[in-house]
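# Results of the structural survey
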Amino acid sequence: MGTVDWEDMTSGSFVKLVNGQPIKMGIRNWRPQDKFKDDNTGELRKGLTFDVFAEEGKGEVTKEWTVTSMRAMGKLRPICEKAEAEGRADVFVSVTRAGEGKATVYEITEVEAF
């Protein structure tokens, strides 16, 4: 029987935030999200999707990160707007999630490239 690389098999191409564990990543190509629908209305939820091109400790990656939390989008907005004003297409952020459901809060800051 062969060995299974469980980390590779369960990591997928999407960023998963774990409570209390900060993640640093390089993001680009932010755009309105088009995957997740509201359970009640069936309409697309407001949100953003980012292409993730780097993760600290993993180097270059090809992943997506979709954000539908208004709180998280509020913290990402000034970072993305600043980058756009400066003509930058890429930003590096540190993201820490805490809580569950509607009580979830996010710490999101721009960081230096790693």
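The preceding data block contains the structure.
Reading the values: rules and limits
Residues numbered from 1 in each chain as written. Predicted model: local features only at pLDDT ≥ 70, side-chain atom pairs only at ≥ 80, totals over all residues. Heavy atoms only, no water. Helix = DSSP H or I, 4+ residues; strand = E, 2+ residues; numbered from the N terminus. Buried < 20%, exposed > 50% of the residue type's maximum accessible area, 1.4 Å probe, protein only. Areas by Shrake-Rupley, 256 points an atom, 1.4 Å probe, with all protein chains shown as cover. Lys, Arg positive; Asp, Glu negative; His and termini not counted. Charge placed at Lys NZ, Arg CZ, Asp CG, Glu CD. Phe/Tyr/Trp six-rings, centres within 6.5 Å; stacked < 30°, edge-to-face > 60°. Pairing = 2+ DSSP bridges. Axes fitted to C-alpha atoms, helices over the stretch in contact; angles between N-to-C directions. 1 Å grid on protein atoms, 1.4 Å probe; cavity = no way out; pocket = protein on both sides within 12 Å on 5 of 7 lines; lining within 4 Å. Points joined across faces, edges and corners; volume = space filled by probe spheres on them. Nonpolar A, V, L, I, M, F, W, Y, C, P; charged D, E, K, R; others polar. Contact = heavy atoms within 4.5 Å.

Let us look at the overall build of the protein chain. When helices and strands are counted, the protein chain shows 2 helices and 5 strands. When the elements of the protein chain are put in sequence order from the N terminus, they spell out α-β-β-β-α-β-β. Counting only C-alpha atoms, the protein chain reaches 50 × 40 × 25 Å along its principal axes. Burial statistics for the protein chain: of 114 residues in total, 32% are counted as buried. For the protein chain, the accessible surface area stands at approximately 7,800 Å², while carbon and sulfur atoms represent 52% of it. Computed over 17 positive and 20 negative side-chain charges, the separation of the two mean positions in the protein chain equals 5 Å.

What follows concerns the packing of aromatic side chains. For the structure shown, the criterion picks out 4 aromatic pairs. With a centroid separation of 6.3 Å and an interplanar angle of 55°, the aromatic rings of Trp30 and Phe50 are classed as tilted. Of this pair, Trp30 sits in strand S1 (residues 23-32) while Phe50 sits in strand S2 (residues 48-55), and the two are 20 residues apart along the sequence. Look at Trp30 and you get buried, because its relative accessible area is 18%. Aromatic side chains Phe53 and Phe92 sit 5.5 Å apart centroid to centroid with 80° between the ring planes, which places their arrangement in the edge-to-face category.

Once that is clear, we can look at the sheet that holds S1. Taken together, 5 strands build an open sheet; the order of strands is S3-S2-S1-S4-S5 and the sheet is antiparallel. Whereas interior strands pair on both sides, the edge strands pair on one side only; in this sheet they are strand S3 (59-67) and strand S5 (105-110). The sheet shows a mean angle of 40° between the axes of neighbouring strands, direction not considered. Bridge analysis of S1 against S2 gives 6 bridges, and the strand direction is antiparallel. Counted as the bridge partner of Arg28 is Asp51 from S2.

Taken as a whole, the largest pocket spans an internal volume of roughly 770 Å³. Taken together, 20 residues line the largest pocket, and the ones lying closest to its centre are Arg45, Thr66, Thr68, Ser69 and Tyr106. Residue assignment for the lining of the largest pocket shows that the elements contributing at least two residues are S3 and helix H2 (70-85). Ranked by residues supplied to the lining of the largest pocket, first place goes to S3 with 4 residues. Broken down by class, the residue content of the lining of the largest pocket amounts to 8 nonpolar, 5 polar and 7 charged.

Before going further, it helps to examine the environment of Pro32. Position of Pro32 among the secondary structure elements: in strand S1. Relative accessible area serves as the criterion here: at 65%, Pro32 is assigned to the exposed category. When the C-alpha positions of Pro32 and Val67 are compared, they lie 9.5 Å apart, and in sequence the two are 35 residues distant. If near-sequence neighbours (up to four positions away) are discounted, Pro32 is found in contact with Gly47, Leu48 and Thr49.

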